[in-house]
Structure formats: C-alpha cells, structure tokens
Amino acid sequence: MRKAMVAGNWKMNGSSKEALSLVRGFVELQQAGDAGDSNKVGVVLCPSELYIPQVKSLLPEGSGIAVGAQNASDKLSGAHTGEVSVEMLLDVGCEYVILGHSERRALYAESDAVVAAKVRQAIESGITPILCVGESQQEREAGVTMGVVERQLAAIADLCGIEAFGKSVVAYEPVWAIGTGLTATPEQAQAVHAGIRSWVSSRDAVVGQGLQILYGGSVKASNAESLFACEDIDGGLIGGASLDAGEFAAICRAAG
Ligand code: PEP
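These figures come from a predicted structure and were not determined experimentally.

S.K.: An account of the pattern of salt bridges is requested, with residue identities and associated values reported.
M.R.: Applying the stated criterion to the full structure yields ten salt bridges. For K75, the salt bridge goes to D74, with nearest N and O atoms at 3.2 Å.

Here it is, written out as structure tokens:
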C-alpha cells in the first residue's frame, strides 16, 4: 500500500522570520495531533533554499517531516554561477527536490530535456525528485492532456529508464489550476492520475503500483478530502495553502 504524502511548495515567499514562524506553527499542530498520523502521511516542507538549514534545525527528531528544495541544477559543481547542486542540497539535509514545476518550465524555459537531466542528476545523487507534470488550459481544451503528460513522462523514461519512477514522486499539476483558485474536480484529477499510473505500469507493473502520485493545483482544506479519496491520488503538492500552518495541517490531516 502506498503511503500518502503532502508537500508544501513555499515558492519565493516570506522572510527567514516568517519561514521559522510557519515551521514552529506547523510543528506545534503536528505534535498536538492536528496534522494527521505521521505513520500514514509523509510531510515535506519546501522553503526557499536559503532557509533550508534553519527550517531543518527546527524539526524535532522523529517528526517525520522532511525538507525539500524547489529546484536544482543538472550539474554537480563548477562554473555555473547562481546554480545550486543536488549534492549541496543533500549536504544541508534535503531529501526531496521539486523538478519541472510549471513555473520553471514556463518562466525559465526548462524543456522536457532539461527537466530529465535534472531528474537524472537527482536520482544518481540519492535525492528524491518530485517531478511535476501537467497541461495548460489550452491543451486541456484541445483534448491533448494525456498526450502532454505522457510526453513529459517519456522524457524521463527515455533518459533515465522506467526505474527512475521507482525513485521519484510524480505531481500532476494542471497549469490552469495553479494559484488560480480553479481546482480540477476529483474526477478530472483521478482520470489523469490513473492514466499516469497505467502509463508507468504498462512499462513496469511494480514501479507503477508503488508510484506516489500527488495532485497539485489550488488544494485547500475544503477540497483536499474529496481529492485524496480518489484511488490514484496519493496526496498533494500544495502552493498557496502551505503558507498557512493551520490550513496546511488540515490538508495533511485529510491525507492521513
Ligand atoms: C504549486 O505551485 O505547486 C501549487 C500547487 O500552487 P497552488 O496550490 O497555490 O495552486
């Protein structure tokens, strides 16, 4: 049985003071039992990489809360001004890294090939990628949602082999639902999640069955339960709502 996961993508928000108060608030709720059962739901916090060491230092031993980054380089070291390598992320205690987020694909021109190179580097270094895939509004209206998602998955399988999905988490994030307040209905999300699982399973049944597939796109405490109740939705990647400790804890509770 797959364990649920809820990851909070804080994006480029807040100060170190705000980041620390958010973590303290969440930890308090978790310790009071208000963020679900940590045996049933894994929680990942993804702050700005600058704040990772501070965030990490506030997590109590055995809390089950992991830390992730929001991006990483496909290179390991050297003359790459401004980049951060996966080994640097591991060095400060990161266990996960979000790769291929639609904001990186759209605003920083990350192609499927670039995302695949980053996923390969992450897996080779032992950090778990949270690979984001998803279609734009235009692509959904044109009826090519699964074609787009399968193309994004195939870029990874072609470069890294299907086994890469045994060492990754996938987040289905329809671009039209990110930060817009529009959420995919549980039926829309479940259909794509089932499609992703079946695409991976047809290449490796064991990897497909074990793959954690998160949904992301305007998830809130009020809609989390109905989304997470779907058979192939194993939790969520949460943007805006992860900046509120109480709301994020309630989403974790819905997953756990
Ligand atoms: C995201 O950016 O990964 C995301 C899901 O954002 P939001 O929850 O704000 O739509």
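Let us keep going from here.
S.K.: Give a description of helix 8 (residues 186-201) that names residues and reports values.
M.R.: Between its first and last C-alpha atoms helix 8 spans 22 Å; for 16 residues at 1.5 Å apiece the expected length is 22 Å, and the two agree. Taken together, the buried positions of helix 8 are A189, Q190, V192, H193, G195, I196, R197, W199, V200 and S201.

S.K.: Account for the environment of P186, naming residues and giving values.
M.R.: Mapped onto the secondary structure, P186 falls in helix 8. Note: C-alpha distance between P186 and Y215 (29 residues apart in sequence) is 9.7 Å. Contact partners of P186, with chain neighbours within four places excluded, come to S226, L227 and C230.

S.K.: Could you give an account of the site of the ligand, with specific residues and numbers?
M.R.: Contacts to the ligand come from 14 residues, most closely from K11, H101, E173, G179 and S218. In this structure, K11 approaches the ligand through a side-chain N or O atom, which is 2.5 Å from an oxygen atom. Between S218 and the ligand, the recorded distance is 2.8 Å, taken from a backbone N or O atom to an oxygen atom. Relative to its unbound accessible surface of 290 Å², the ligand loses 95% to contact with the protein. Residue classes in the shell around the ligand are distributed as four nonpolar, eight polar and two charged.

The rules we used
- Residues numbered from 1 in each chain as written.
- Predicted model: local features only at pLDDT ≥ 70, side-chain atom pairs only at ≥ 80, totals over all residues.
- Heavy atoms only, no water.
- Salt bridge = Lys/Arg side-chain N within 4 Å of Asp/Glu carboxyl O.
- Helix = DSSP H or I, 4+ residues; strand = E, 2+ residues; numbered from the N terminus.
- Expected span 1.5 Å × (residues − 1).
- Buried < 20%, exposed > 50% of the residue type's maximum accessible area, 1.4 Å probe, protein only.
- Contact = heavy atoms within 4.5 Å.
- Near = heavy atom within 4 Å.
- Polar contact = N/O pair within 3.5 Å; in protein donor to acceptor, adjacent residues only side chain to side chain.
- Areas by Shrake-Rupley, 256 points an atom, 1.4 Å probe, with all protein chains shown as cover.
- Nonpolar A, V, L, I, M, F, W, Y, C, P; charged D, E, K, R; others polar.

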